[in-house]
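The lines below spell out each chain.
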Amino acid sequence: MASGRVALVTGGTRGIGAAISKGLQAKGYKVAANYGGNDEAANAFKAETGIPVFKFDVGDYAACEAGIKQIESEVGPIDILVNNAGITRDGAFHKMTFEKWQAVIKTNLDSMFTCTRPLIEGMRSRNFGRIILISSINGQKGQAGQTNYSAAKAGVIGFAKALAQESASKGITVNVIAPGYIATDMVMAVPEDIRNKIISTIPVGRLGEAEEIARAVEYLADDSSGFITGSTLTINGAQYIT
Ligand code: NDP
């Protein structure tokens, strides 16, 4: 039961995040969607859904603190946090620049701290919280050309396991969803021949849909899911079975 609970979805205006925002809205949550810089996509999303959008960089702690404060005063205290925002900056490690390494660690791993820390004390004081983190199949199995991304996404899983233990007595669950390849801008940016090769390695025989990840978020966010914590839910069409 959502009963008007407030959910923040980072990177909630496009791709998987947009599907999560819409799915939670349909379940009765009051949703706030964060984004990084694509105003055009964010405004179109807001016009389509009526969901308020908040622009701040999830890699910047001060910006997150201010953005979360604004959301909590305009929408309400945050009960559900979906840390979804993420980027790729691929390249072979022996040619990778430190800038590419840092950009991915900042957006995909620092964001676990920057977006969770400002709101977790509120969750603890209210004895309720659902923290759902979007990792990746490539954080589980590793992926050539993605040392930065694989490291960040594996780090997300370690973070969840530790925070789940710290937060369990306060009614806060912390879980990870590790999607396989999902048909969003991120994956459609991969050259078609490489994408077709990837699809040939997915036993289900297709890319996943963003809505298939959103359904799992709705399940983990529910009030009745309080005994599920510290877990990683793999959703990848059997491409990699953990
Ligand atoms: P998209 O590129 O389609 O969307 C990314 C979203 O994140 C956008 O809303 C974007 O905002 C936001 N974002 C990016 N950087 C920042 C930032 N610094 N601060 C705030 N918001 C930011 O990505 P996907 O939907 O494909 O991916 C969503 C998540 O799922 C990511 O964490 C990704 O790693 C993970 N994932 C994706 C898979 C896939 O196959 N697509 C597979 C496994 C995991 P803006 O529009 O302003 O750029």
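Residues numbered from 1 in each chain as written. Predicted model: local features only at pLDDT ≥ 70, side-chain atom pairs only at ≥ 80, totals over all residues.

Let's shift gears to the overall build of the protein. Helix and strand content of the protein: nine helices and seven strands. Since a compact globule built from 242 residues should have a radius of gyration of about 18 Å, the 17 Å found for the protein is in line with a globular shape. Taken over the C-alpha atoms alone, the protein extends approximately 45 × 40 × 35 Å along its principal axes. In the protein, buried positions account for 44% of the 242 residues. When contacts within the protein are restricted to residue pairs at least 6 apart in sequence, long-range pairs at least 24 apart make up 71% of them. (Helix = DSSP H or I, 4+ residues; strand = E, 2+ residues; numbered from the N terminus. Rg over C-alpha atoms; globule rule 2.2 N^0.38 Å. Buried ≥ 20, exposed ≤ 12 C-beta atoms within 10 Å, placed from the backbone. Contact = placed C-beta atoms within 7 Å.)

Okay, the site of the ligand next. Taken together, the neighbourhood of the ligand is formed by 30 residues, with Gly11, Gly15, Gly36, Asn38 and Gly86 sitting nearest. Looking at the shell around the ligand, the elements with two or more residues in it are helix 1 (15-26), strand 2 (30-35) and helix 7 (185-188). By residue class, the composition of the shell around the ligand is twelve nonpolar, 15 polar and three charged. (Near = placed C-beta within 6 Å. Nonpolar A, V, L, I, M, F, W, Y, C, P; charged D, E, K, R; others polar.)

Moving on: the packing of helix 1 against helix 9 (residues 210-221). Viewed as axis vectors pointing N to C, helix 1 and helix 9 meet at an angle of 50°, and their least axial separation amounts to 8 Å. Comparing the axis directions of helix 1 and helix 9 gives the class oblique. In this structure, helix 1 meets helix 9 at a crossing whose hand is right-handed. Contacts from Gly15, Ile16, Ala19, Ile20, Gly23 and Leu24 in helix 1 reach Ala210, Glu211, Ile213, Ala214, Arg215, Val217, Glu218 and Ala221 in helix 9. Partitioning the contact of helix 1 with helix 9 into residue classes produces nine nonpolar, two polar and three charged. (Axes fitted to C-alpha atoms, helices over the stretch in contact; angles between N-to-C directions. Parallel < 35°, antiparallel > 145°, perpendicular 65-115°, else oblique. Left-handed = near helix turned anticlockwise from the far one by under 90°.)

A word on the packing of helix 4 (residues 98-126) against helix 6 (residues 147-167). Where helix 4 meets helix 6, the closest approach of the two axes is 9 Å, and the angle between their N-to-C directions is 15°. Our classification of the angle between helix 4 and helix 6 gives roughly parallel. Relative to helix 6, the crossing made by helix 4 is right-handed. Of the residues in helix 6, those in contact with Lys100, Trp101, Val104, Ile105, Asn108, Leu109 and Met112 of helix 4 are Asn148, Tyr149, Ala152, Lys153, Gly155, Val156 and Phe159. Here the contact of helix 4 with helix 6 is built from residues that sort into nine nonpolar, three polar and two charged.

Two pairing modes exist for strands in a sheet, parallel and antiparallel, and in both the strands are linked by backbone hydrogen bonds. The seven strands lie next to each other as 3-2-1-4-5-6-7, forming an open sheet whose pairing is parallel. Sheet topology places strand 3 (53-55) and strand 7 (232-235) at the edges, where each strand pairs with a single neighbour. On average, each strand axis in the sheet is inclined to that of its neighbour by 20°, with strand direction left out of account. Taken together, the four bridges between strand 1 (residues 6-9) and strand 4 (residues 78-83) define a ladder with parallel strand orientation. Paired with Leu8 across the two strands is Leu81, which belongs to strand 4. (Pairing = 2+ DSSP bridges.)

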